[in-house]
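Listed below, chain by chain, are the residues.
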Amino acid sequence: MRGKFITIEGGEGAGKSTNIPNIELFLQKRGIDYVLTREPGGTKMAEEIRNLLLSPREEQVSCITELLLMFAARSQHLEEVIKPALELGKYVLCDRFIDATYAYQGGGRKLNFDTIRALEGLVLSGLHPDLTILFDIDPVIGLERARVRGQLDRFEREELDFFARVREAYLGIAKADPRRCAVIDGSKHQDIVAENLQNILETRLSNDT
Ligand code: TMP
């Protein structure tokens, strides 16, 4: 039987990194075999593409170049890591996936969603996450958290407006597909966030053990 594909999404500083260990703990306690991975990245080559994408640079990066690199990394990641793991019956826990492209390149960079959809058709060929957990936060708070972490990558250097559009796009996706997406308010105290996450995992993955 194919494993489940769980993706974790959210703007900068929304709580993804803090809470991924909680998801791992949930799976481990139930004896579920899983692979933790991330996008852009997850294979040697895709991590090299990640470095290209995240490094701040003087040269202006065209939105289409950025979009194609995201999908180039994703294609490699899907073939090398995600699909083989799912076929072996493992769960795949992925820190960002296709929704990030709609949110950042679609919302943030204002690229046409149909352009993204065309590449999605080519690269994903129908594969979709079974569950997406979206950590939502006002970008004013999220960016402040990201900034105290230190060196800012090429995306984190964007203006507030960019992240407001990213957030809006993410929330739009979650609203349009509530069966797949669960939204967590990342502005709440960490204990509350962890509790909400636990409830979501118990409800949405209840038939899995
Ligand atoms: P992070 O995973 O460490 O948060 O950083 C990855 C950055 O890449 C983040 O700013 C979001 C961005 N990104 C996109 O713009 N589009 C995508 O499709 C993905 C997966 C990530």
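Please refer to the structure placed before this passage.
Sorry if this is basic, but what is going on with the overall build of the chain here?
The secondary structure content of the chain amounts to 8 helices and 5 strands. Each helix and strand of the chain, ordered N terminal to C terminal, gives the series β-α-β-α-α-β-α-α-β-α-α-β-α. Out of the 209 residues belonging to the chain, those deemed buried represent 49%. Considering only intrachain contacts with a sequence separation of at least 6, the fraction spanning at least 24 residues in the chain is 79%. Accessible surface for the chain amounts to roughly 10,600 Å². Of this, 51% is attributable to carbon and sulfur atoms. Both charge centroids of the chain, one from 28 positive and one from 33 negative side chains, sit 1 Å from each other.

Teacher, can you tell me more about empty space enclosed by the protein here?
Left-over empty space is what a probe sized like a water molecule reveals as it rolls over the atoms. A full pass over the atoms with the stated rule returns 2 cavities of 30 Å³ or more. Along the wall of the largest cavity there are 14 residues; nearest its centre are G11, E12, I137, F163 and R167. Counting residues per element, the lining of the largest cavity draws most heavily on helix α7 (residues 160-176), at 5 residues. Residue classes in the lining of the largest cavity are distributed as 9 nonpolar, 2 polar and 3 charged. Its volume calculated, the second largest cavity comes out at about 40 Å³. Every residue lining the second largest cavity is listed: E9, D99, T132, L134, Y170, I173, A174 and C181. Taken together, the elements giving at least two residues each to the lining of the second largest cavity come down to β4 (131-136) and α7.

How do you make sense of the layout of surface pockets when you look at a structure like this?
There is about 680 Å³ of room inside the largest pocket. Looking at the lining of the largest pocket, the elements that each hand over two or more residues are α1 (16-29), α2 (44-54), α3 (63-87), α4 (98-108) and α6 (139-148). Of all the elements, α4 adds the most residues to the lining of the largest pocket, at 4 residues. A class-by-class count of the residues in the lining of the largest pocket yields 10 nonpolar, 10 polar and 12 charged.

How do you make sense of the state of the cysteines when you look at a structure like this?
When the sulfur atoms of two cysteines share a covalent bond, that bond is a disulfide. The full count for this structure, using the stated rule, is 0 disulfides. Sulfur of C94: no disulfide; nearest cysteine sulfur belongs to C181 and is 14 Å away.

Could you clarify how one ought to interpret the pattern of salt bridges in this entry?
Opposite charge on two side chains allows them to pair when their charged atoms are near. Scanning the entire structure with this criterion turns up 14 salt bridges. A salt bridge links D99 to R180; the nearest nitrogen and oxygen atoms lie 2.7 Å apart. One end of the pair, D99, is in helix α4; the other, R180, is in the loop between α7 and β5 (181-185), and 81 residues separate them in sequence. With a relative accessible area of 11%, R180 lands in the buried category. Between K188 and D185 there is a salt bridge, with the nearest N and O atoms lying 3.2 Å from each other. By relative accessible area, K188 is classed as partly exposed at 41%.

When you look at the site of the ligand in this model, what are you seeing that I'm missing?
The local shell around the ligand holds 14 residues, among which R50, R96, T101, Y104 and Q105 are the closest. K16 places a polar side-chain atom, nitrogen or oxygen, 3.5 Å from an oxygen atom of the ligand. Measuring from an oxygen atom of the ligand, one finds a side-chain N or O atom of R50 at 3.0 Å. For the ligand, whose accessible area on its own is 480 Å², the fraction buried by protein is 92%. Structurally, the ligand is housed in the largest pocket. Contributions of two or more residues to the shell around the ligand are made by α2, α3 and α4. Tallying contributions element by element places α4 first for the shell around the ligand, with 4 residues. In terms of residue class, the shell around the ligand is made up of 6 nonpolar, 2 polar and 6 charged.

About the thresholds
- Residues numbered from 1 in each chain as written.
- Predicted model: local features only at pLDDT ≥ 70, side-chain atom pairs only at ≥ 80, totals over all residues.
- Heavy atoms only, no water.
- Helix = DSSP H or I, 4+ residues; strand = E, 2+ residues; numbered from the N terminus.
- Buried < 20%, exposed > 50% of the residue type's maximum accessible area, 1.4 Å probe, protein only.
- Contact = heavy atoms within 4.5 Å.
- Areas by Shrake-Rupley, 256 points an atom, 1.4 Å probe, with all protein chains shown as cover.
- Lys, Arg positive; Asp, Glu negative; His and termini not counted.
- Charge placed at Lys NZ, Arg CZ, Asp CG, Glu CD.
- 1 Å grid on protein atoms, 1.4 Å probe; cavity = no way out; pocket = protein on both sides within 12 Å on 5 of 7 lines; lining within 4 Å.
- Points joined across faces, edges and corners; volume = space filled by probe spheres on them.
- Nonpolar A, V, L, I, M, F, W, Y, C, P; charged D, E, K, R; others polar.
- Disulfide = S-S within 2.5 Å.
- Salt bridge = Lys/Arg side-chain N within 4 Å of Asp/Glu carboxyl O.
- Near = heavy atom within 4 Å.
- Polar contact = N/O pair within 3.5 Å; in protein donor to acceptor, adjacent residues only side chain to side chain.
- Sits in = over half its atoms within 2 Å of the grid points.

Note that all results are geometric; they support no functional claim without further evidence.
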